[in-house]
Amino acid sequence: MTENIWGYPATSGHLAGADLRGWSVEATDGSIGKVDKHSDEVGSAYLVVDTGVWIFGKHVLLPAGTVTRLDAAEKKVYVDRTKAEIKDAPEFDRDKHIGDPGYHESIGGYYRGRPPVV
């Protein structure tokens, strides 16, 4: 994992400005859904993943630092988390959590291995 959980690792192949919406997201142990939204904002880059029916339509926010690789040919994003870790992540609610620094900090803590405060 990168030290900056909110930035894409240099080795991920991410290009600023690339549209990742609709790309499949692959955990270390299988597919978890599709990118619904993403941000390239410096210091706050992330993906919002729609997990679909896999976990009953839950949306989760994945910091860009969890991305290990982007495959443009297959339109897939690979992350360094298991399906269980992503399933157990705090749910993302666009209306409540966009621009909420407390939620942002909680998610960062969750993916760094600290318990969430949500």
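Residues numbered from 1 in each chain as written. Predicted model: local features only at pLDDT ≥ 70, side-chain atom pairs only at ≥ 80, totals over all residues. Heavy atoms only, no water.

This part takes up the overall build of the protein. On a plain count of helices and strands, the protein comes out with 3 helices and 6 strands. Seen in sequence order, the protein has helices and strands lined up from the N terminus as β-β-β-β-β-β-α-α-α. Going through the 118 residues of the protein one by one, you find that 46% of them count as buried. For the protein, the share of sequence-separated contacts (at least 6 apart) that also reach a separation of at least 24 residues comes to 53%. Put simply, the protein shows about 6300 Å² of open surface, and 52% of that area lies on carbon and sulfur atoms. (Helix = DSSP H or I, 4+ residues; strand = E, 2+ residues; numbered from the N terminus. Buried < 20%, exposed > 50% of the residue type's maximum accessible area, 1.4 Å probe, protein only. Contact = heavy atoms within 4.5 Å. Areas by Shrake-Rupley, 256 points an atom, 1.4 Å probe, with all protein chains shown as cover.)

What follows concerns the sheet that holds strand E5 (residues 67-71). Here 6 strands make up an open sheet; going across it, the order is E4-E3-E2-E1-E6-E5 and the pairing mixed. With one partner strand each, in any of the chains shown, strand E4 (59-63) and E5 form the two edges of the open sheet. Averaged over all adjacent pairs, the angle separating strand axes in this sheet is 35 degrees, with direction ignored. For strand E3 (residues 46-50) and E4, the ladder comprises 5 bridges, and the chain directions are antiparallel. Each bridged residue has a counterpart across the sheet, and for Val48 the counterpart in E4 is Leu61. (Pairing = 2+ DSSP bridges. Axes fitted to C-alpha atoms, helices over the stretch in contact; angles between N-to-C directions.)

This part takes up the packing of aromatic side chains. Within the structure shown, the criterion is met by 2 aromatic pairs. Centre to centre, the rings of Phe92 and Tyr103 are 6.1 Å apart; their planes meet at 50 degrees, and the pair counts as tilted. Here Tyr103 lies in helix H3 (residues 101-112) and Phe92 lies in the loop between helix H1 (83-87) and helix H2 (94-97), a separation of 11 residues in the sequence. By relative accessible area, Tyr103 is classed as buried at 4%. Between Tyr110 and Tyr111, the aromatic rings sit 4.9 Å apart at their centres with planes inclined by 90 degrees, giving edge-to-face as the arrangement. Neither residue differs from the other here; Tyr110 and Tyr111 are each classed as buried. Arg69 extends its terminal NZ or CZ atom over the ring of Tyr78, reaching a point 4.0 Å from the ring centre. (Phe/Tyr/Trp six-rings, centres within 6.5 Å; stacked < 30°, edge-to-face > 60°. Lys NZ or Arg CZ within 6 Å of the ring centre and 35° of its normal.)

Turning our attention to the confidence of the model for the protein. For the protein, the mean per-residue pLDDT works out to 85, and 90% of the residues sit at or above 70. Strand E6 (residues 76-79) holds the highest mean pLDDT among the elements of the protein, 97, whereas H2 holds the lowest, 76. Within the model, pLDDT remains below 50 along residues 114-118, and this stretch shows 9 contacts once partners closer than five positions in the same chain are excluded. (pLDDT = per-residue confidence, 0-100.)

With respect to the secondary-structure elements, Ser24 resides in strand E1 (residues 24-27). Here the side chain of Ser24 touches Lys34 through a polar contact of 3.2 Å, side chain to side chain. With residues near it in sequence (within four places) discarded, Ser24 still touches Gly33, Lys34, Lys75, Lys76 and Val77. (Polar contact = N/O pair within 3.5 Å; in protein donor to acceptor, adjacent residues only side chain to side chain.)

Space left empty within the atom packing is revealed by a probe, the size of a water molecule, rolled over the atoms. Considering only enclosed or pocket space, the largest pocket measures out at about 160 Å³ in volume. Surrounding the largest pocket, 13 residues form its lining, Ser44, Tyr46, His97, Gly99 and His104 being those nearest its centre. Residues belonging to the lining of the largest pocket are distributed by class as follows: 6 nonpolar, 5 polar and 2 charged. (1 Å grid on protein atoms, 1.4 Å probe; cavity = no way out; pocket = protein on both sides within 12 Å on 5 of 7 lines; lining within 4 Å. Points joined across faces, edges and corners; volume = space filled by probe spheres on them. Nonpolar A, V, L, I, M, F, W, Y, C, P; charged D, E, K, R; others polar.)

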